[in-house]
Amino acid sequence: MSHTAGIRQAQKLKTRQALLDAALGLLEHQSLSSLGLREVTRAVGVAPTAFYRHFEDTAALGVALVDETLGSLHGMIGAILAETGDSDVRLDRSVELIARHVDEQPAHFRFIAREKHGGVGPVRAAIAAQLALFAEEVAAALATEPKSEGWNQEDLLMLGGLYVDHMVLTASALLEAGPEGRREVIRVARRRLRLVTLGRVHWLDEGS
């Protein structure tokens, strides 16, 4: 790549990120279904036609925000799940990870919480796909543990889904509680995880 082409590519990426950031700021006060691309381009200071160099429409921009919010978590949660040792400790660490990300990116997680059941189909689908992938990753990690002996794939995916649902609920609770309620949300989240873990131990009892 030539120096000039490299500069153009860097500027293109910068503009794309500026559009994402501007949209996220505007979405603090409205839903994605009501967001107009002219609002976004006006906030960035570019012509409306520039929007289409980066996104097909506002739904595509929303999908990009989903990837930006949840995509980076896969590697981090995967690293925690890959650790050896006590599973409760790993689950505690996953709660801490979610709490830290909500603290650092509250607008991103408010967007996910609102649009998970919002009016833009491709964005709902993107969020569902990301959460399903998390459930599969958690299930794959759980399958390697001695506690999972005798479990079938359907049940492992169900358990992985429970942990992921818990992650989403915890993120939403942290957003609602604010800094003053953070400690209590984390305490309750850890207790709930332990309840799920206890149920896991006895899942196969009496042919469950």
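Residues numbered from 1 in each chain as written. Predicted model: local features only at pLDDT ≥ 70, side-chain atom pairs only at ≥ 80, totals over all residues. Heavy atoms only, no water.

**Topic: the packing of helix α7 (residues 121–143) against helix α8 (residues 153–201)**
Relative orientation of the contacting elements α7 and α8 amounts to 125°, with a least axis distance of 10 Å. One element, α7, and the other, α8, form an angle in the oblique class. Between α7 and α8 the crossing geometry is right-handed. Taking contact as the criterion, the partners of Leu131, Phe134, Ala135, Glu136, Val138, Ala139, Leu142 and Ala143 in α7 are, on α8, Leu156, Leu157, Leu159, Gly160, Gly161, Tyr163, Val164, Met167, Val168 and Arg200. Here the residues of the contact of α7 with α8 are counted per class, giving 14 nonpolar, two polar and two charged. (Axes fitted to C-alpha atoms, helices over the stretch in contact; angles between N-to-C directions. Helix = DSSP H or I, 4+ residues; strand = E, 2+ residues; numbered from the N terminus. Parallel < 35°, antiparallel > 145°, perpendicular 65-115°, else oblique. Left-handed = near helix turned anticlockwise from the far one by under 90°. Contact = heavy atoms within 4.5 Å. Nonpolar A, V, L, I, M, F, W, Y, C, P; charged D, E, K, R; others polar.)

**Points about the confidence of the model for the chain**
Low pLDDT marks stretches whose predicted atomic positions should not be read closely. On average, residues of the chain score 89 in pLDDT, and 94% of them reach the 70 mark or higher. When pLDDT is averaged over each helix and strand of the chain, the minimum, 84, is found for helix α5 (residues 87–104) and the maximum, 96, for helix α2 (residues 37–44). (pLDDT = per-residue confidence, 0-100.)

**What to know about the side chain of histidine 54**
By secondary structure assignment, the location of histidine 54 is in the loop between α3 (48–51) and α4 (58–82). We classify histidine 54 as buried; its relative accessible area is 17%. The contacts of histidine 54, once residues within four sequence positions are left out, are Lys12, Thr15, Arg16 and Leu19. (Buried < 20%, exposed > 50% of the residue type's maximum accessible area, 1.4 Å probe, protein only.)

**Side note on the environment of valine 120**
Position of valine 120 among the secondary structure elements: in the loop between α6 (106–115) and α7. Taking relative accessible area as the criterion, valine 120 reaches 11% and is therefore assigned buried. In this structure the C-alpha to C-alpha distance between valine 120 and alanine 189, which are 69 residues apart in sequence, comes to 30 Å. Setting aside its immediate chain neighbours within four residues, valine 120 contacts Leu32, Ser33 and Ala59.

**Here's the deal with α4**
The end-to-end C-alpha distance of α4 is 37 Å, a good match for the 36 Å that 25 residues give at a rise of 1.5 Å each. Of all the bends in α4, the greatest measures close to 30° and is centred on glutamate 68. The backbone nitrogen of alanine 59 lies 3.2 Å from a side-chain oxygen of the residue at the head of α4, namely aspartate 57. (Expected span 1.5 Å × (residues − 1). Bend = angle between axes of the 7 residues up to and from the residue. Polar contact = N/O pair within 3.5 Å; in protein donor to acceptor, adjacent residues only side chain to side chain.)

**Brief notes about α2**
For α2, the full list of buried residues reads Leu37, Val40 and Thr41. Projected down its long axis, α2 shows its buried positions confined to an angular sector of 90°, all on one face. Facing away from the buried side of α2 by over 90 degrees, the exposed positions are Arg38, Arg42 and Ala43. Backbone geometry just downstream of α2 places glycine 45 in the positive-phi region, at approximately 85°. (Arc of directions from axis to C-beta.)

**Considerations on the nonpolar core**
Residues Val66, Leu73, Ile77, Phe111 and Phe134 are the most contacted members of the largest nonpolar core, which totals 57 residues. Elements with a minimum of two residues in this core: α1 (3–26), α2, α4, α5, α6, α7 and α8. Counting residues per element, this core draws most heavily on α8, which supplies 13 residues. Excluding its chain neighbours within four sequence positions, the residues that come into contact with leucine 73 are Leu97, Ile98, His101, Phe109 and Phe134. (Core = buried A, V, L, I, M, F, W, Y, C linked by side-chain atoms within 4.5 Å.)

**Looking at empty space enclosed by the protein**
Inspection of every chain in the model, using the stated rule, returns three cavities of 30 Å³ or more. Roughly 180 Å³ of internal volume is contained in the largest cavity. Residue lining of the largest cavity: 14 residues in total, with Ile77, Ser94, Val138, Tyr163 and Met167 positioned closest to the centre. When residues of the lining of the largest cavity are traced back to their parent elements, those giving at least two are α4, α5, α7 and α8. Looking at the lining of the largest cavity element by element, the count peaks at six residues for α8. Along the lines of polarity and charge, the residues of the lining of the largest cavity split into eleven nonpolar, three polar and no charged. (1 Å grid on protein atoms, 1.4 Å probe; cavity = no way out; pocket = protein on both sides within 12 Å on 5 of 7 lines; lining within 4 Å. Points joined across faces, edges and corners; volume = space filled by probe spheres on them.)

**Looking at the packing of aromatic side chains**
Here the structure, examined in full by the defined rule, presents three aromatic pairs. Where phenylalanine 51 meets tyrosine 52, the ring centres are 5.7 Å apart and the plane angle is 80°; that geometry is what we call edge-to-face. Pairing phenylalanine 51 with phenylalanine 55 gives two aromatic rings, centres 5.7 Å apart and planes at 50°, and the pair type is tilted. The rings of Phe51, Tyr52 and Phe55 are connected pair by pair, giving a single aromatic cluster. (Phe/Tyr/Trp six-rings, centres within 6.5 Å; stacked < 30°, edge-to-face > 60°.)

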